[in-house]
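Below are the chains, spelled out letter by letter.
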Amino acid sequence: MIPYKYIFKKSIAFLVVLYGAITLNFLLPRLLPGNPAEIVYLAIIKQGGGSINPIYVHQLESEYGISNAPMYSQYFQYLIDLLHGNLGVSIAFFPDPVSSILAGALPWTLYLVITSIVISFFIGNRLGRYAGINRNTFKDLFVDLFSMFMASFPAFVLAFIMLDIFSVDSGIFPLGGAYSSSVNIGFNLPFIISAVYHSFLPILTIILTSIGGWVLGMRNNIIPNVNSDFITFSQNLGLKKEQINRIAYRNAILPNLTGFSMSIGLSVSGVIIEESIFSYPGVGLYMITAIGSLDYPLLQGIFLMVIISVLVGNLIVDILYGFFDPRIKQEGE
Amino acid sequence: MSILRTENLSKVFISRKGIVKSENVVALDNVNIELNERELIGVVGASGSGKSTLAKTLVFLYKPTTGNIYFRDENITKYKSGKIKKYRKNIQMVFQDPYASLDPNHTVEWHVKRPLILIKYKGDINERINELLNMVTLNPPEYYRNKFPHQLSGGQRQRVYLARALAVEPSILIADEPVSMLDVSVRIGILNLLKNIRDMLDLSIIYITHDLNTVSMITDRIYVMHDGKIVEEGNTDSIIKNPMNSYTRELIEAAPNPYKRI
Amino acid sequence: MNHDLFKNSTVNGVSFKFNKIIKPLKILLTNNKAKVGFIILAGMIIFGVLGQFFAPYNPNRYEFVRSMPPSYSHLLGTTVYGQDVFSQLFYGAAPTLLVGFSVGIIGTFISIFVGISAGFASERINNIVTGIINIFLIIPGVLLIMLFGSYFLGIHQSLGYLPTILILVITGWAFGARTFRSITLSIAKRDFILSSMLIGESRLGIIFRQIIRAIFPVIISNFFFTAMYGTMGLTFVEYLGVGNLLQVNWGTMLYWAINNEAYLTGLWWWILPPSFMISILMFSFILLNFGMDEIGNPSLRRFNSKKNKKGDLNEHPEN
């Protein structure tokens, strides 16, 4: 049975938050200090060699409230521009439109986020299961200590150390970029190999720094399950140890799945920072550049895109969760 | 004169299934009961018959779906929070599980003291706590006052809870299966206590249970509940000796009897 | 006989009050993880307090030979600006701890307030507050740090660590609020809370007298989690350049080390010591966090713990 009501409820919540984020994005430049509009205005005049192109005047009007039009009409203009995919023009990468920059950067970021979050979820849960089943043994202690250490070491320092050891000193992995310049972009084997090769180090680093939470969470989820009455009952029925562990694991993974949707936000934060360190051409790298050059249109675009991606990710995970958890199917809650 | 009376009291729980489909669970179906001053009545029924829902509706932990509740002939069904608070000073409830109804983080003394403070007890609160603990036969009170719930046995906990409920000085006490979680050996003690308290304090008590043996020991009148309906009511002895309803007969047949062999 | 009993109970009464004061500490020390975490944290605090007096040099002096490797006179060498790394590490401990603890305390207070009121309020309020909590949870923290950080960029100098703490509280309170909401929801349905409603206790009375006490281990555990977030967050705020970079703390040390590419130029003594100090501090917070979780959730504990029978622990009869 498909949990319609549940999906409906989650979709409504998604739309509400999405609308909130879009509105917040409209208000941001109007709330930020240092008058971004003026900065953008001056930047555009400078880039344009003293004269200002009427197209950019329109952008300034719609995005930064420089025009004297009332707030609501600015707001509608902003919404209409958004529907047309018009996010303005970047300052740091003048005169590239923000939407085309994002279109180039977002796929790489999504690739990093999805790959690393999925791998770290699976390995982390397996390790947590291993620790929980062998609890209070040296195996458990070792896994626990490893996870806690990984969770406590500053993530960006680890990234720099990895970069130094594996790229700078030994040259095993490239210093940056998402693929080598010698391959043709497209769906061909050399390109895929090159892309995987370039992303190996960033993904490994993200997994190392995010795996600890999964391991410890899974361990704490599975221990009450291993001690529960129905497991004792299964033992008495004569089920094999491996079968019993599988039952306990299945029960313990549900609460971790809820954590999965919450972890998307954290994971995106991590990826944004790692990208800037590994010079990986994703959203994070552009964000650091945008901050450095006070490129507000680009920052706004990134803010909006990241939030939309996170929301969509959440919606997908929530809906999948609805199929997994039998309680949701029945109650629709 | 009746002190508490219900008139066609119904409670329907709605459990939703899908977008449009929802299923109604009728927990109480036009229940009419009447409790007189200084009376000890029983409500008997198997689990799932709506007994606990009845108890919780009478103390406003649930809102009735339809029907009315009368307290001293005043319709109190539509009472809002402030008035509910006042009404609750007249009616207290003893829960089924004494392991869950006492706060594990507080002492016996705290449990009895809080209601005294809340009703703004005029006299010496310290004395009153001892008096209440004595009343529920926790002797000597000083020994029990600083104990935590987990240091007490089930029977002792239920006595503490009784002292807490009595501290409010209610005129009605609803005991929802007060002995079903206790060892058989201490049940009699608690039931006798209920009866003695009724005599001492002029309380009216509704004793809710699934156990026909205990109900016949202390109650004057009983209501038999089945699927949210009252199926039979009347004098305890006559119903147990001569049940009219087929469900009551089944219930009596099913009650364990030490002299009967299967 | 009676007299004896009476005497006993007064002794009990005194020890009960005594218990009340050292109870949190005693609870902590019943768990091995928490014990180790507590010892490390205590060491860190001593390090941070004493550091201000025992640091060999002024951490802001730029007068030593630049980029010197560790030696007897400079235990952890010097930076490219000619500062003594060891002194910076000493001086930086207190502010780092201060930020971590402040974020932990303020964040926990907010999440208790939001979480408990959501869990104990009507269903509609609960839904609205849950929505707000979820929004804060799913928006990537980096974006909020950037946003609020840039807001304070110009006025950092005059406000000290206040903006940093504020940013981290704003981005960090929602995790705890979610925990408190769900745990309050489950406790609010228990009989001992219903009982208090029946005797006429007000909602506030129930929250302060019973719910807060029942979830006390969770509160402590959450405090350590939020403090952990605060410590880690400090390094991120500094790394992203929206903090106050002129102050000496472990976050700014990392910022300057990374900004001067210490990892490439082989100045390991500049980048590794603050990293490991942060790591150890975080480690102690994690240990305390998980230790308190185990105390609050007895099924995670070892079976042979006899102490819980004596009644120093908050144990619930069910589950």
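Presented here is an overview of the structure given in this document. Computed from a predicted structure; not experimentally measured.

## Some details on the overall build of chain C
Alright, step 1. On a plain count of helices and strands, chain C comes out with 13 helices and zero strands.
Alright, step 2. Taken from N to C terminus, the helices and strands of chain C fall in the order α-α-α-α-α-α-α-α-α-α-α-α-α.
Alright, step 3. Evaluated residue by residue, chain C yields a buried proportion of 54% over its 319 residues.
Alright, step 4. Surface accessibility of chain C: about 14,200 Å² in total, with carbon and sulfur atoms responsible for 67%.

## So, the overall build of chain B
Alright, step 1. Along the backbone of chain B there are 10 helices and 11 strands.
Alright, step 2. Against the globule reference of 18 Å for 262 residues, chain B gives a C-alpha radius of gyration of 19 Å, in line with a compact fold.
Alright, step 3. For chain B, the spread of C-alpha atoms along the principal axes amounts to about 50 × 50 × 45 Å.
Alright, step 4. In chain B, which comprises 262 residues, the proportion classed as buried is 54%.
Alright, step 5. Relative to all contacts within chain B whose residues are 6 or more apart in sequence, the contacts with residues 24 or more apart total 68%.
Alright, step 6. For chain B, the exposed area adds up to about 12,000 Å²; of that, 49% sits on carbon and sulfur atoms.

## Section: the environment of Tyr249(A)
All names here are of chain A.
Alright, step 1. With respect to the helices and strands, tyrosine 249 occurs in helix α10 (residues 241–277).
Alright, step 2. Expressed as a C-alpha distance, the spacing of tyrosine 249 and asparagine 227, which sit 22 residues apart in the sequence, is 12 Å.
Alright, step 3. Beyond its immediate chain neighbours, meaning those up to four positions away, tyrosine 249 contacts Asn125, Arg126, Arg129, Met218 and Ile222.

## Some words on the pattern of salt bridges
Alright, step 1. In the structure shown here, the tally under the stated rule is 18 salt bridges over all chains.
Alright, step 2. The shortest N-O distance in the salt bridge between Arg114(B) and Glu201(C) comes to 2.6 Å. Placement of the pair is Arg114(B) in helix α3 (residues 108–118) and Glu201(C) in the loop between α8 (191–198) and α9 (203–214), with the two residues belonging to separate chains. Exposure class is identical for Arg114(B) and Glu201(C). Each is buried.
Alright, step 3. Between Asp211(B) and Arg187(B) there is a salt bridge, with its nearest N and O atoms 4.0 Å apart.

## Side note on the pairing of strand β9 (residues 204–209) of chain B
Residue and element names in this part refer to chain B.
Alright, step 1. β9 sits mainly inside the fold: six of its six residues count as buried.
Alright, step 2. Every second residue of β9 is oriented toward a common face, with Ser204, Ile206 and Ile208 on one face and Ile205, Tyr207 and Thr209 on the other, all of them buried.
Alright, step 3. Pairing analysis gives five bridges linking strand β4 (residues 40–44) to β9, with the strands arranged parallel. Counted as the bridge partner of valine 43 is isoleucine 208 from β9.
Alright, step 4. Here strand β8 (residues 172–176) pairs with β9 via five bridges, running parallel.

## Comments concerning the nonpolar core
Alright, step 1. One finds Phe156(A) and Trp250(C) to be the most contacted residues of the largest nonpolar core, which totals 151 residues.
Alright, step 2. Listed in part, the 75 residues of the second largest apolar core include Val112(B), Leu132(B), Ala163(B) and Ile218(B).

## Details of α9(C)
Alright, step 1. All buried positions along α9(C) are accounted for by Gly205(C), Ile206(C), Ile207(C), Gln210(C), Ile211(C) and Ala214(C).
Alright, step 2. Those residues of α9(C) hidden inside the fold are in contact with α3 of chain B together with α3 (85–120), α7 (162–188), α8 and α10 (216–239) of chain C.

## Observations regarding the packing of α3(C) against α7(C)
Residue and element names in this part refer to chain C.
Alright, step 1. The interhelical angle for the contact between α3 and α7, taken along N-to-C directions, is 40 degrees, at an axis separation of 6 Å. Regarding the angle of α3 to α7, the classification is oblique. Handedness of the α3/α7 crossing: right-handed.
Alright, step 2. Counted by class, the contact of α3 with α7 contains 17 nonpolar, eight polar and one charged residues.

## Quick word on unusual backbone geometry
If a residue is not glycine, its phi is most likely negative; likewise, a peptide bond is most likely trans.
Residue and element names in this part refer to chain B.
Alright, step 1. Omega for the bond connecting asparagine 139 with proline 140 falls within 30 degrees of zero, at -15 degrees, which places this linkage in the cis form.
Alright, step 2. Non-glycine residue asparagine 30 carries a positive phi angle of around 50 degrees.
Alright, step 3. Secondary-structure assignment places asparagine 30 in strand β2 (residues 22–31).
Alright, step 4. Of note, the phi angle at aspartate 202 is positive, near 55 degrees, even though the residue is not glycine.
Alright, step 5. With respect to the helices, strands and loops of the structure, aspartate 202 is situated in the loop between α7 (184–201) and β9.

## A short note on the packing of aromatic side chains
Alright, step 1. Under the counting rule described, the total for this entry stands at 29 aromatic pairs over all chains.
Alright, step 2. Linked through ring pairs, Phe156(A), Phe160(A), Phe236(C) and Tyr239(C) together constitute an aromatic cluster.
Alright, step 3. If you follow Arg126(A) out to its NZ or CZ, it ends over the ring of Tyr249(A), 5.3 Å from the centre.
Alright, step 4. Positioned above the aromatic ring of Tyr249(A), the side-chain terminus of Arg129(A) is 5.2 Å from the ring centre.

## Things to note about a positive patch on the surface
Alright, step 1. On the surface, Lys83(B), Lys85(B), Lys86(B), Lys89(B), Lys120(B) and Lys122(B) cluster together to form a positively charged patch.
Alright, step 2. Positionally, Lys83(B) belongs in helix α2 (residues 81–88).

## Side note on α3(C)
Alright, step 1. Helix length check: α3(C), at 36 residues, gives a terminal C-alpha distance of 50 Å against a target of 52 Å (1.5 Å per residue), a fit within 8%.
Alright, step 2. Of all the bends in α3(C), the greatest, near 30 degrees, is centred on Gly92(C), and the proline Pro95(C) appears no more than four residues after it.

## Things to note about the interface of chain A and chain C
Alright, step 1. At the junction of the two partners, chain A supplies 48 residues and chain C supplies 43 residues.
Alright, step 2. Carbon and sulfur atoms supply 77% of the area buried between chain A and chain C, which totals about 4,000 Å² over both sides.
Alright, step 3. Run the count over chain A and chain C and you get one salt bridge.
Alright, step 4. Taking the shortest distance from any N to any O, the salt bridge between Asp144(A) and Lys33(C) comes out at 3.9 Å.
Alright, step 5. At the boundary of chain A with chain C, the tally comes to three residue pairs in polar contact (both at pLDDT 80 or more).
Alright, step 6. Every element with two or more residues in the side of chain A that touches chain C is listed here: α1 (4–31), α6 (138–152), α7 (155–169), α8 (189–226), α10, α11 (283–292) and α12 (296–324) of chain A.
Alright, step 7. The element best represented in the side of chain A that touches chain C is α10(A), accounting for 10 residues.

## Comments concerning the packing of α3(B) against helix α4 (residues 125–135) of chain B
Residue and element names in this part refer to chain B.
Alright, step 1. At a minimum axis distance of 10 Å, the contact between α3 and α4 shows a crossing angle of 120 degrees. Of the two elements, α3 crosses α4, and the hand of that crossing is right-handed. Listed contacts from α4 to Val108, Glu109, Val112, Lys113, Leu116 and Ile117 of α3 are Ile125, Arg128, Ile129, Leu132 and Leu133.
Alright, step 2. The class makeup of the residues in the contact of α3 with α4 is eight nonpolar, no polar and three charged.

## A look at a nonpolar patch on the surface
Alright, step 1. The grouping of Ile45(C), Ile46(C), Val49(C), Leu50(C), Phe53(C) and Phe54(C) at the surface amounts to a nonpolar patch, some 620 Å² of accessible area in total.
Alright, step 2. Locating Phe53(C) in the fold gives a position in helix α2 (residues 32–54).

## Focus on the pairing of strand β5 (residues 66–71) of chain B
All names here are of chain B.
Alright, step 1. Both β5 and strand β6 (residues 74–75) contribute to a ladder of two bridges, which runs antiparallel. Pairing of phenylalanine 71 across the sheet is with glutamate 74, part of β6.
Alright, step 2. Connecting the antiparallel pair β5 and β6 is a turn made up of two residues, with arginine 72 showing a positive phi of about 45 degrees.

How each quantity is defined
Residues numbered from 1 in each chain as written. Chains lettered and ligands numbered in written order. Predicted model: local features only at pLDDT ≥ 70, side-chain atom pairs only at ≥ 80, totals over all residues. Heavy atoms only, no water. Helix = DSSP H or I, 4+ residues; strand = E, 2+ residues; numbered from the N terminus. Buried < 20%, exposed > 50% of the residue type's maximum accessible area, 1.4 Å probe, protein only. Areas by Shrake-Rupley, 256 points an atom, 1.4 Å probe, with all protein chains shown as cover. Rg over C-alpha atoms; globule rule 2.2 N^0.38 Å. Contact = heavy atoms within 4.5 Å. Salt bridge = Lys/Arg side-chain N within 4 Å of Asp/Glu carboxyl O. Pairing = 2+ DSSP bridges. Core = buried A, V, L, I, M, F, W, Y, C linked by side-chain atoms within 4.5 Å. Axes fitted to C-alpha atoms, helices over the stretch in contact; angles between N-to-C directions. Parallel < 35°, antiparallel > 145°, perpendicular 65-115°, else oblique. Left-handed = near helix turned anticlockwise from the far one by under 90°. Nonpolar A, V, L, I, M, F, W, Y, C, P; charged D, E, K, R; others polar. Phe/Tyr/Trp six-rings, centres within 6.5 Å; stacked < 30°, edge-to-face > 60°. Lys NZ or Arg CZ within 6 Å of the ring centre and 35° of its normal. Patch = residues over 30% accessible without salt bridge, like charges linked within 9 Å, V, L, I, M, F, W, Y side chains within 5 Å. Lys, Arg positive; Asp, Glu negative; His and termini not counted. Charge placed at Lys NZ, Arg CZ, Asp CG, Glu CD. Expected span 1.5 Å × (residues − 1). Bend = angle between axes of the 7 residues up to and from the residue. Buried area = accessible area lost by both parts, 1.4 Å probe. Polar contact = N/O pair within 3.5 Å; in protein donor to acceptor, adjacent residues only side chain to side chain.

Take it as geometry only, folks, not as evidence of what the structure does.
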